[in-house]
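What follows is the residue order along each chain.
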Amino acid sequence: MKRTAYCASLAVSTSLALLACAGDPDVVGTAEAVRGGGGKADGTEIPADWNRLIAHTRLEIDFGAMAGLATVVFEPSDSGLASFEAGGLEVLEVYSDVGALPFERREGNLHVETGPSDAPIHIRYRFEVQTSSTGLGPAGSTVIWPTYCGNLFPCHSDPADGLTFELAVTGLPEDAVALYPEAITTTTPAYTLAFAIGEYTCQVLGTTTAATEVSVCWLPRGKTRALTGTKHLTPVFDWFETHLGPYAFGDRVASVAADWGDAAAGGMEHHPYWHVATSEMDLPITHAHEAAHGWFGAGVRIGCWEDLVLSEGTVSYLAARALGAVKGPDVEAAQWEEYAEELRVALEDTDDIVWPDSCGEVDLLEDGLWSNVLYMKGAFFYRDVAAAIGADVLDTVFASFYLQYVGEAARMQDMLDHIASETGFDPTELATRWLRSTGNPLDVPTDPSAEPQSDEPR
Ligand SMILES: [Zn+2]
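Each chain carries its own residue numbering, running from 1 in the written order of its sequence. In keeping with the predicted nature of the model, local features appear solely for residues at pLDDT of at least 70, side-chain atom pairs appear and are counted solely at 80 or more, and the whole-chain, interface and lining totals rest on all residues.

**Points about the sheet that holds strand S16 (residues 201-207)**
Strand order in the open sheet made by the five strands is S16-S17-S18-S20-S19, with mixed pairing throughout. Edge positions in the open sheet fall to S16 and strand S19 (267-268), since each of these has one partner strand only. Two strands form a pair only when DSSP identifies at least two bridges running between them. Each helix is a run of DSSP H or I of at least 4 residues and each strand a run of E of at least 2, with the numbering of both proceeding from the N terminus. The pairing of strand S17 (residues 213-218) with strand S18 (residues 252-258) spans five bridges and is classified as parallel. Looking across to S18, one finds that Glu213 is bridged to Arg252. Helix H3 (residues 233-244) contacts S16, S17 and S18 of the sheet and is inclined by roughly 135° relative to S17. C-beta atoms are placed from the backbone for every residue, and two residues are taken to be in contact when these atoms lie within 7 Å. Axis angles are defined between N-to-C directions and span 0 to 180 degrees, where every axis is a line fitted to C-alpha atoms and, for a helix, only to the segment in contact. Against the sheet, helix H4 (residues 284-292) touches S18, S19 and strand S20 (273-277), its axis set at about 145° to S20.

Below you can see the structure in the form of structure tokens.
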């Protein structure tokens, strides 16, 4: 049972003057501009070493001072060195209970000589507003997915290196509301962590069978859209809990509106208070999608970015499935039509395979893996699996997979193996068709008596 920070602020609507720092060119910087500081006293370099995995990070954020104190607990290790991504941070001091620790900044990373002790270390730093969804945004909410956690706190962005969190945000402008979890006790990727500061009003929508309280929080002039989009969020969340297993991030959840700018869309799986772009607050599918990430993406994390389809494809399928279960088969059918159209549109821009067979080699953004093609092909892959084994059987496969891997990293191949071992149905052919081929399988008839089609990718 976790305590949460936002409930105390429920229904508080204020005339918060948004962030004194927003728009101030003196404090809007890039990672490049703020690197520096640190170093060993004798001038020698501290070798980079990533073998100290992070187990837990406690973050104390002073919002007014744009300063942070990170207390990091490591997994047991023989190494006396620890490295972090910290590209957007000005590191002021690194110390443990026995005193100051030597540290060095190199290529956006922070290297610390921790010594052989497993004692926690403390990193005092300053951070800045980032202008392009790569840290704390000008409107007061954070986005650090996929690899930008180093603009907010010293971290490992590798999704396989999960950790637990404590978070406290102080130094708010008068009457400001900050929405964030005080603790995340299930091991999760670094990008799960977020806070949102703004003129929020929150409303409890309902309570699920498992006694999870579901809320929605909106920004000024956002109430109607927020309540439209979350009308069925409680039963949808209930469906996830009932069909996939116990939620791992506490007994209070919320869809939180995030102002990412006019061009922004989608949402972000910051459990238990996931964010939805203000432009999509009226879309039930977006709320359902982000909620489903509590099970896949945040609950079960991916082993490499190449396995992103295990997160995004799975929840795209589950969002349509849950909405259909709650609102009826016509709604689900319409959602699949929309997905089909989204896939066609996305394929006009990019057409690469969505499940590369490497691990840790692909740059998610630079190499173009992150596209709606991945989300939609992942969803359609599962729809074909469901057609073969039954959607209700696939629900039970997801549930047993989640039970096995919650709090752990998993690969997409693990999911294929799990489907095969649980049901006797080998989904490899469908995975090849949907995840390891280009083109649009929806355009290719599966009926063997149909006209032969060209093999050319389209
Ligand atoms: Zn997603």
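**Regarding the pairing of strand S9 (residues 121-126)**
The exposure label follows from counting other C-beta atoms within 10 Å of a residue's C-beta, where the C-beta atoms are placed from the backbone and the thresholds are 20 or more for buried and 12 or fewer for exposed, leaving partly exposed in between. Only one face of S9 is buried: it carries Ile121, Ile123 and Tyr125, and the other face, with His122, Arg124 and Arg126, is open. Note: strand S3 (residues 67-74) against S9, six bridges, orientation antiparallel. Looking across to S9, one finds that Ala67 is bridged to Arg126.

**Topic: the packing of H3 against helix H5 (residues 308-327)**
Interhelical geometry of H3 versus H5 gives an angle of 115° and a closest axis separation of 9 Å. Helix-helix and strand crossings are classified by hand; for H3 and H5 the assignment is right-handed. Across from Pro235, Val236, Trp239 and Phe240 in H3, the residues of H5 making contact are Ala322, Leu323, Ala325 and Val326. Helix crossings get a hand from a simple test, with the near helix turned counterclockwise from the far one by less than a right angle marking a left-handed crossing and a clockwise turn marking a right-handed one.

**Side note on the nonpolar core**
A set of buried Ala, Val, Leu, Ile, Met, Phe, Trp, Tyr and Cys residues, joined through C-beta atoms within 7 Å, is what we mean by a nonpolar core. Counting residues in hydrophobic clusters, the biggest one holds 132 residues, and the most contacted among them are Leu179, Val236 and Ala322. Considering every element that reaches this core, the biggest residue donor is H5, with twelve residues. Source of the domain bounds: an automatic or database domain assignment. Residue contributions to this core reach at least three from each of two domains, namely domain 1 (7-198) and domain 2 (201-443). The contacts of Ala322, once residues within four sequence positions are left out, are Val236, Trp239, Phe240 and Ala288.

Nothing here speaks to function; it is all geometry.
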